[in-house]
Number of protein chains: 2
Amino acid sequence: MNEAIENILQSKDIAPTAMRILVLEYLQKQTAAVNLADVEAGFAQADRITIYRTLKTFEEKGLIHSINDGTESTKYALCAEACKAGDHYDLHLHFFCIKCRQTYCLPKHKVPEIDLPAGYQLKELNLVAKGICDQCT
Amino acid sequence: MNEAIENILQSKDIAPTAMRILVLEYLQKQTAAVNLADVEAGFAQADRITIYRTLKTFEEKGLIHSINDGTESTKYALCAEACKAGDHYDLHLHFFCIKCRQTYCLPKHKVPEIDLPAGYQLKELNLVAKGICDQCT
DNA sequence: TCGTCCATGCAACCCGATTGCATTGTTTAA
DNA sequence: TTAAACAATGCAATCGGGTTGCATGGACGA
Ligand SMILES: [Mn+2]
Ligand SMILES: [Mn+2]
Ligand SMILES: [Zn+2]
Ligand SMILES: [Zn+2]
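Just so it is clear, the structure is predicted and the values come from calculations on it, not from any experiment.

Participant: Looking at this structure, how should I read the overall build of chain A?
Facilitator: Within chain A, the secondary structure is distributed over 4 helices and 6 strands. Ordered by position from the N terminus, the helices and strands of chain A form the series α-α-β-α-α-β-β-β-β-β. With respect to the three principal axes, the spread of C-alpha positions in chain A is 50 × 35 × 25 Å. Out of the 137 residues belonging to chain A, those deemed buried represent 40%. Excluding contacts between residues fewer than 6 apart, the proportion of contacts in chain A whose partners are at least 24 apart in sequence is 50%. Charge centroids of chain A, computed over 15 positive and 18 negative side chains, lie 3 Å from each other.

Here it is, written out as structure tokens:
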């Protein structure tokens, strides 16, 4: 059972410690993006800093991606498998619900092509929609 | 001279105090979006909190809009004239240069239409591009 | 077994954002 | 004209997310 989780970590070049396995299991259960406080609250006793560094490591190694939805805290969600250290391939739309304040990945909605003025080089594109989610309608 | 500035403030239902006139004049001079510290540094002696509240008021009244470019601080820039209290009409692309760390409004690049899954209601759409600006190429 | 490396835990700090409150300035109604 | 009512300002204090320093502990290879 842990086998699968450990394999995922190792495939992303992350040493599978107890904490990391727990955090990854937690992330897999989520249906919306979570912030540091959410993860912390997901465990009876857990060190905030260790979770913080775990999430940082996960992000660096391409296991999760961070989302800046305009709220006070950064949120995290699991990446598509194709993501690698330093490269997040699946650029998709994120939706923030102003009612339940949940942030959802919409991986089927790829960010659109945009053309920039002459001389501008594009490296990254962030698209965040705000509104009311289907649960809250 | 101040006449024009005062008219702008009054047209947005903002009482034209000395500080507000100065801040608006400052904002009109900018070519990139600014944060609170920028505005503060733009004056010899100025109270940070007053500027903070000035920017908040400007935003509420639809004179400026705030930009979350993924950096540590919120940035602000003047709105199109059509913007009103609570309603920012000119949804456009913002470009953050990773070299000079400036954030530019690209009002000619409107945010694209997106279609959401059934049951999702759209209220707002934020699009931020990151890369290298024409000055830094 | 020892030494090295990495992960962890705890304390401390940084900084942008925000609030409380007393004071000052401006507007409004008597 | 004057006094009350209201809005803006200035200063101190706080909050909270994010980040770093450092000592300890566990895993693993020489
Ligand atoms: Mn996502
Ligand atoms: Mn803009
Ligand atoms: Zn919702
Ligand atoms: Zn630049």
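Participant: Where do I start with the pattern of salt bridges in this structure?
Facilitator: All names here are of chain A. Considering all chains together, one arrives at 6 salt bridges over all chains under this definition. In this structure, the salt-bridge partner of aspartate 69 is lysine 75, at a minimum N-O distance of 2.9 Å. Comparing aspartate 69 with lysine 75 shows no difference in burial state: the two are buried. Glutamate 72 is the partner of arginine 101 in a salt bridge, and the nearest nitrogen-oxygen pair spans 3.7 Å. Of the two residues, arginine 101 sits in the loop between strand S4 (92–97) and strand S5 (103–110) while glutamate 72 sits in the loop between strand S2 (64–67) and strand S3 (75–78), which places them 29 residues apart along the sequence.

Participant: I tried to follow the coordination of the zinc ion (ligand 3) on my own but got confused; where do I start?
Facilitator: Each pair of donors in an ideal octahedron of six around a metal sits at 90 or 180 degrees, and each pair in an ideal tetrahedron of four sits at 109.5 degrees. Residue and element names in this part refer to chain A. For the zinc ion (ligand 3), every protein donor is listed as Cys97 (SG), Cys100 (SG), Cys133 (SG) and Cys136 (SG), and the spread of their distances is 2.2 to 2.4 Å. One can describe the site at the zinc ion (ligand 3) as tetrahedral: its 4 donor atoms subtend angles covering 102 to 118 degrees at the metal. All donors of the zinc ion (ligand 3) belong to a single chain; written as a sequence motif, their spacing is C-x2-C-x32-C-x2-C. Here cysteine 97, found in strand S4, pairs with cysteine 133, found in the segment after strand S6 (121–132); they are 36 residues apart in sequence, far enough to count as distant. Judged by relative accessible area, cysteine 97 falls into the buried class, the value being 0%. Under the relative-accessibility criterion, cysteine 133 is labelled buried at 0%.

Participant: Sorry, what's going on with the sheet that holds strand S2 (residues 64–67) of chain B here?
Facilitator: To summarise the sheet geometry, strands pair through backbone hydrogen bonds and adopt either a parallel or an antiparallel arrangement. Residue and element names in this part refer to chain B. Pairing is antiparallel across the open sheet formed by 3 strands, whose spatial order is S1-S3-S2. Of all strands in the sheet, those with a lone pairing partner are strand S1 (34–35) and S2, marking the two edges. Pairing between S2 and strand S3 (residues 75–78): 4 bridges, direction antiparallel. By the bridge assignment, histidine 65 is partnered in S3 with alanine 77.

Participant: When you look at the coordination of the manganese ion (ligand 2) in this model, what are you seeing that I'm missing?
Facilitator: Residues and elements named next belong to chain B. Only His65 (NE2), His92 (NE2), His94 (NE2) and Cys105 (SG) from the protein reach the manganese ion (ligand 2) as donors, at distances of 2.0 to 2.2 Å. All donors of the manganese ion (ligand 2) belong to a single chain; written as a sequence motif, their spacing is H-x26-H-x1-H-x10-C. Residue histidine 65 is found in strand S2, and its partner histidine 94 is found in strand S4 (residues 92–97); the two are separated by 29 residues along the sequence. Each member of the pair, histidine 65 together with histidine 94, is buried.

Participant: Explain the nonpolar core here, please?
Facilitator: Note that soluble globular proteins tend to have their nonpolar side chains buried in a common cluster. Counting residues in hydrophobic clusters, the biggest one holds 30 residues, and the most contacted among them are Phe95(A), Cys133(A), Phe95(B), Leu127(B) and Cys133(B). Among the elements of the structure, S4, S5 and S6 of chain A together with S4, strand S5 (103–110) and strand S6 (121–132) of chain B are those that each provide at least two residues to this core. When residues no more than four places from it in sequence are discounted, the contact partners of Phe95(B) are Leu116(A), Tyr120(A), Gln121(A), Gln102(B), Thr103(B), Tyr104(B), Leu106(B), Ala129(B), Lys130(B), Gly131(B), Ile132(B) and Cys133(B).

Participant: In this structure, what is going on with the protein's contact with DNA strand C? I would like to understand it.
Facilitator: The environment of DNA strand C is formed by 15 residues, the closest being Thr17(A), Arg20(A), Arg53(A), Tyr52(B) and Thr74(B). Backbone atoms, meaning sugar and phosphate, make up 59% of the atoms of DNA strand C lying within 4 Å of the protein. Tyr52(B) is positioned such that a nitrogen or oxygen atom in its side chain is 2.6 Å from a phosphate oxygen of DNA strand C. A distance of 3.4 Å separates a phosphate oxygen of DNA strand C from a polar atom in the side chain of Lys56(B). The set of elements that each furnish at least two residues to the surface near DNA strand C consists of helix H2 (18–29) and helix H4 (48–60) of chain A together with helix H4 (48–60) of chain B. Grouping the amino acids of the surface near DNA strand C by side-chain chemistry returns 4 nonpolar, 4 polar and 7 charged.

Each value, and the rule that gives it
- Here, residues in each chain are numbered from 1, in the same order as that chain's written sequence.
- Chain letters and ligand numbers both follow the written order, the letters beginning at A and the numbers at 1.
- Predicted model: local features are reported for residues with pLDDT of at least 70 only, side-chain atom pairs are reported and counted for 80 or more only, and whole-chain, interface and lining totals are derived from all residues.
- Only hydrogens and water are set aside when side-chain values are computed; all heavy atoms of the structure are taken into account.
- Segments assigned H or I by DSSP are reported as helices when at least four residues long, segments assigned E as strands when at least two residues long, and all are numbered from the N terminus.
- Only protein chains enter the accessibility calculation, which uses a 1.4 Å probe. A residue is then buried if its area is under 20% of the maximum for its type, exposed if over 50%, and partly exposed in between.
- Throughout, a contact is declared for two residues whenever any of their heavy atoms are within 4.5 Å.
- In this tally, Asp and Glu contribute negative charge and Lys and Arg positive charge; neither His nor the terminal groups of the chain are included.
- By convention, charge coordinates are those of NZ in Lys, CZ in Arg, CG in Asp, or CD in Glu.
- A carboxyl oxygen of Asp or Glu within 4 Å of a side-chain nitrogen of Lys or Arg is what we treat as a salt bridge.
- Atoms of type N, O and S within 2.8 Å of a metal are treated as its donors, and for Na, K and Ca the window is 3.2 Å; water is not considered, so some sites may appear to be missing partners.
- Square planar and octahedral assignments, for four and six donors respectively, both demand that opposite donors be over 155 degrees apart and that all other angles lie between 65 and 115; tetrahedral needs four donors with all angles between 85 and 135 degrees, and anything else is irregular.
- Pairing between strands is defined by DSSP: at least two bridges between the two strands are required.
- Take the buried Ala, Val, Leu, Ile, Met, Phe, Trp, Tyr and Cys residues and link them wherever side-chain atoms come within 4.5 Å; each set so joined is a nonpolar core.
- The rule for a residue being near a molecule or strand is that one of its heavy atoms must lie within 4 Å of it.
- Residues adjacent in sequence count toward polar contacts only when both atoms are side-chain atoms; beyond that, a polar contact is any pair of N or O atoms within 3.5 Å, and within protein one must be able to donate a hydrogen and the other to accept it.
- Only Asp, Glu, Lys and Arg are considered charged, only Ala, Val, Leu, Ile, Met, Phe, Trp, Tyr, Cys and Pro nonpolar, and every remaining residue, Gly among them, polar.

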